[in-house]
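Spelled out, the chains give:
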Amino acid sequence: MNRMEPAAGSFRGRVWEIVRAIPSGRVVSYGDVAMLSGDRKAARAVGGALRAFAGDHDGLPWHRVINSQGTISFRGDLQRATLQRLLLLREGVVVSEQGGLEMARFRANLRALPCYGALDDGSDF
DNA sequence: GCGGTGACACAAA
DNA sequence: ATTTGTGCCACCG
């Protein structure tokens, strides 16, 4: 078992399951993951969770999680952002050098992911 | 128990 | 459109 993997049932445990289910070539926002985890407003905690998983991303497509603006969150860590963009490009996601991409086009179907709460998107897609 | 931190989101100016 | 401030949450010391 991976060292960094959080305890099942915990918040981070849910984040892990959700992120792990994001299909290749697709992306979701931190807010989306938060919503799926049950707390729509826990987007910030999602970032913290992913940060904690760093180094143990074996099998965890953490790079498919971006911010609601449809861009990669640099947050001062250019190294991570660069790697994230590279990994996405490798999956066929068109990411600009600025880290921007078309959310409407590459966003994963949230209903195809694990959901521990209600999808608050209100849309019926 | 409290305050600080962080890969966020949203509203206001 | 960009910057700033406020809200929110989990985790750590």
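Residues numbered from 1 in each chain as written. Chains lettered and ligands numbered in written order. Predicted model: local features only at pLDDT ≥ 70, side-chain atom pairs only at ≥ 80, totals over all residues. Heavy atoms only, no water.

Trainee: Would you take a moment to explain helix 1 (residues 11–20) for this structure?
Mentor: For an α-helix the count is 3.6 residues per turn, leaving residues at separations of three or four pointing the same way. All buried positions along helix 1 are accounted for by Gly13, Arg14, Val15, Trp16, Ile18 and Val19. In this structure, the buried side of helix 1 is in contact with helix 2 (30–37), helix 3 (43–53) and strand 2 (65–66). (Buried < 20%, exposed > 50% of the residue type's maximum accessible area, 1.4 Å probe, protein only. Helix = DSSP H or I, 4+ residues; strand = E, 2+ residues; numbered from the N terminus. Contact = heavy atoms within 4.5 Å.)

Trainee: What is the right way to read the protein's contact with DNA strand C from this model?
Mentor: In the vicinity of DNA strand C, the contacting residues are Phe11, Arg12, Asp39, Lys41, Ala42, Arg44 and Ala45. Asp39 is positioned such that a nitrogen or oxygen atom in its side chain is 3.4 Å from a phosphate oxygen of DNA strand C. Between DNA strand C and Arg44, the relevant distance is 2.5 Å, taken from a base oxygen to a side-chain nitrogen or oxygen of the residue. Counting only elements with at least two residues in the surface near DNA strand C, the list comes to helix 1 and helix 3. Of the residues contributing to the surface near DNA strand C, the split by class is three nonpolar, no polar and four charged. (Near = heavy atom within 4 Å. Polar contact = N/O pair within 3.5 Å; in protein donor to acceptor, adjacent residues only side chain to side chain. Nonpolar A, V, L, I, M, F, W, Y, C, P; charged D, E, K, R; others polar.)

Trainee: What should I look at first to understand the packing of aromatic side chains in this one?
Mentor: What characterises a pair of aromatic rings is the spacing of the ring centres plus the angle enclosed by the ring planes. For the coordinates displayed, the defined rule picks out one aromatic pair. Relative to Phe53, the ring of Trp16 has its centre 4.9 Å away and its plane inclined at 80 degrees; by these criteria the two rings are edge-to-face. One end of the pair, Trp16, is in helix 1; the other, Phe53, is in helix 3, with 37 residues separating them in the sequence. On the basis of relative accessible area, Phe53 is assigned to the buried category, the value being 3%. (Phe/Tyr/Trp six-rings, centres within 6.5 Å; stacked < 30°, edge-to-face > 60°.)

Trainee: Teacher, can you tell me more about the side chain of Gln84 here?
Mentor: Mapped onto the elements of the fold, Gln84 is located in helix 4 (residues 78–90). Residue Gln84 is classed as buried on the basis of its relative accessible area, which comes to 0%. Within the local environment of Gln84, its side chain forms a polar contact with the backbone oxygen of Val65, the two atoms lying 2.9 Å apart. Ignoring sequence-local partners within four residues, the contact set of Gln84 consists of Trp62, His63, Val65, Ile66 and Ile72.

Trainee: Honestly, the pattern of salt bridges in this entry has me stumped. Any pointers?
Mentor: Pairs can form between side chains of opposite charge once their charged atoms are near each other. Within this structure, the stated rule accounts for four salt bridges. The salt bridge involving Arg107 is made with Asp32; its shortest N-O contact spans 2.5 Å. A residue pair is termed long-range when its members are at least 10 positions apart, and Arg107 in the segment after helix 5 (103–106) and Asp32 in helix 2 qualify at 75 residues. For Arg107, a relative accessible area of 36% puts it in the partly exposed group. (Salt bridge = Lys/Arg side-chain N within 4 Å of Asp/Glu carboxyl O.)

Trainee: Teacher, can you tell me more about the nonpolar core here?
Mentor: The nonpolar side chains of a soluble globular protein tend to be buried, and buried together. Formed by 23 residues in total, the largest nonpolar core has its most connected members in Val15, Val19, Val28, Val33, Leu50 and Val65. The set of elements that each furnish at least two residues to this core consists of helix 1, helix 2 and helix 3. Looking at this core, the element that brings in the most residues is helix 2, giving five residues. In contact with Val65, other than residues within four places in its own chain, are Val19, Ile22, Val28, Ser29, Tyr30, Val33, Leu50 and Gln84. Among the nonpolar cores identified, the runner-up in size contains ten residues, and Val27, Ile66, Ile72 and Met103 belong to it. (Core = buried A, V, L, I, M, F, W, Y, C linked by side-chain atoms within 4.5 Å.)

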